[in-house]
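Notes for the structure review
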Amino acid sequence: MHNIPLDIVDKNNLDRIKKLIKMEAYPLEREYGIRGAYFTEDVKHELYMNDLRKSQEIACALKVSEGFFRKTTAKDALDKIFYVDVKMFLMDNLMTKVDRASMAVGLETVKPFLDKELMDFVGRIPARFKIKGTTGRNTKYILKQAISKLVPMDVIEKKKQGFEPPLVEWLRGELKGFAQEILFDSKTRQRGYFNSDYIEQMWKEHQEMRADHTMRIWELMVFEMWYRYFIEGERKFLKQIEG
C-alpha cells in the first residue's frame, strides 16, 4: 500500500481501496454488511445528529445481517453469503422493487429460478460448482454449463444488467435542482436529523465528479420525501415530481 502514489488515485477508487483494506481484518459476517452498505458506521457517525447519533450506539444495522449469518447451518462461506442474500437482498430488495415496478404497469413477472424445489436442490450443490476459480468472475458456473448447448455463448457471457435508472447523471442534470431543494431546504435543515455541512460536502464532491455519492444522496432524498409525505402529510413536492 505504501508504494501506491495516492495523489494520482481518484477519490472513488481511493475510498474503495481504504474500505477493502479495512475489511480484511473483519470476520465474514461484518465484512458482508459493510461491503453492501452505502452508509457505513463511520459515515453515519459523521452524518447523524443529536438523538439519531445516540440511537446509533443502541441499534446497529450490521446486527441484522450478522443475525442471519448465525442462523444458517451452511459450512462454506459462499453458501452462508447466499443464504443471507436470499433472506435480505433478494426478499426485501430485488423482489420488492420488481413487483412494485411491474404491477405499476400491469405486468406479471415470473421468477422460475425461485421455485422452491429448485432452490432446495441448488442449496445442496457444493460451492465449488457455483463459482469457478479464485477471482469470482466465473459465476453461475454450473448453470452456464447446463445451458451451454441451448443458449448462445454471447448471451451466457453477457455482462449482467439490472434495471437501474441513470441516477448518477440525473443528480448532476435534470434532478439537480429538485435534489438541492429537498436536501438543503430550511425545513430539512431544521429537522436536525442530519449534519447539513456533511451533506453539502458530499453534494459538492458529487457535482465536481470527485466522488460518486449517488446512492447516499438518493437515499437522503427519499427519506426526506417519505417524512414529508407520511409524517407531515405534505403533498406539495409531488407536483414537482409529476411535472
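Residues numbered from 1 in each chain as written. Predicted model: local features only at pLDDT ≥ 70, side-chain atom pairs only at ≥ 80, totals over all residues. Heavy atoms only, no water.

1. Examining the overall build of the chain
- The secondary structure content of the chain amounts to 15 helices and two strands.
- Residue burial in the chain is summarised as follows: out of 243 residues, 27% are buried.
- For the chain, long-range pairs separated by at least 24 residues make up 54% of all intrachain contacts whose partners lie at least 6 apart in sequence. (Helix = DSSP H or I, 4+ residues; strand = E, 2+ residues; numbered from the N terminus. Buried < 20%, exposed > 50% of the residue type's maximum accessible area, 1.4 Å probe, protein only. Contact = heavy atoms within 4.5 Å.)

2. Things to note about the side chain of Glu224
- As for its position among the elements, Glu224 is in helix H14 (residues 214-231).
- Judged by relative accessible area, Glu224 falls into the buried class, the value being 3%.
- Here the side chain of Glu224 touches Arg191 through a polar contact of 2.5 Å, side chain to side chain.
- For Glu224, the residues in contact, after removing those within four places along its chain, are Ile182, Thr188 and Arg191. (Polar contact = N/O pair within 3.5 Å; in protein donor to acceptor, adjacent residues only side chain to side chain.)

3. With respect to the packing of aromatic side chains
- This model, assessed by the stated rule, comprises twelve aromatic pairs.
- Consider the rings of Tyr32 and Phe69, whose centres lie 5.4 Å apart with planes at 75°: the pair is edge-to-face. Here Tyr32 is found in helix H2 (residues 28-35), whereas its partner Phe69 is found in helix H5 (residues 62-71), with 37 residues between them in sequence.
- In this structure Phe69 comes out as buried when scored by relative accessible area, which is 8%.
- Ring geometry for Phe223 versus Tyr227: centroids 6.2 Å apart, planes at 45°, classification tilted. Of this pair, Phe223 and Tyr227 are both found in helix H14, four residues apart, which corresponds to roughly one turn of the helix.
- Given a relative accessible area of 27%, Phe223 falls into the partly exposed group. (Phe/Tyr/Trp six-rings, centres within 6.5 Å; stacked < 30°, edge-to-face > 60°.)

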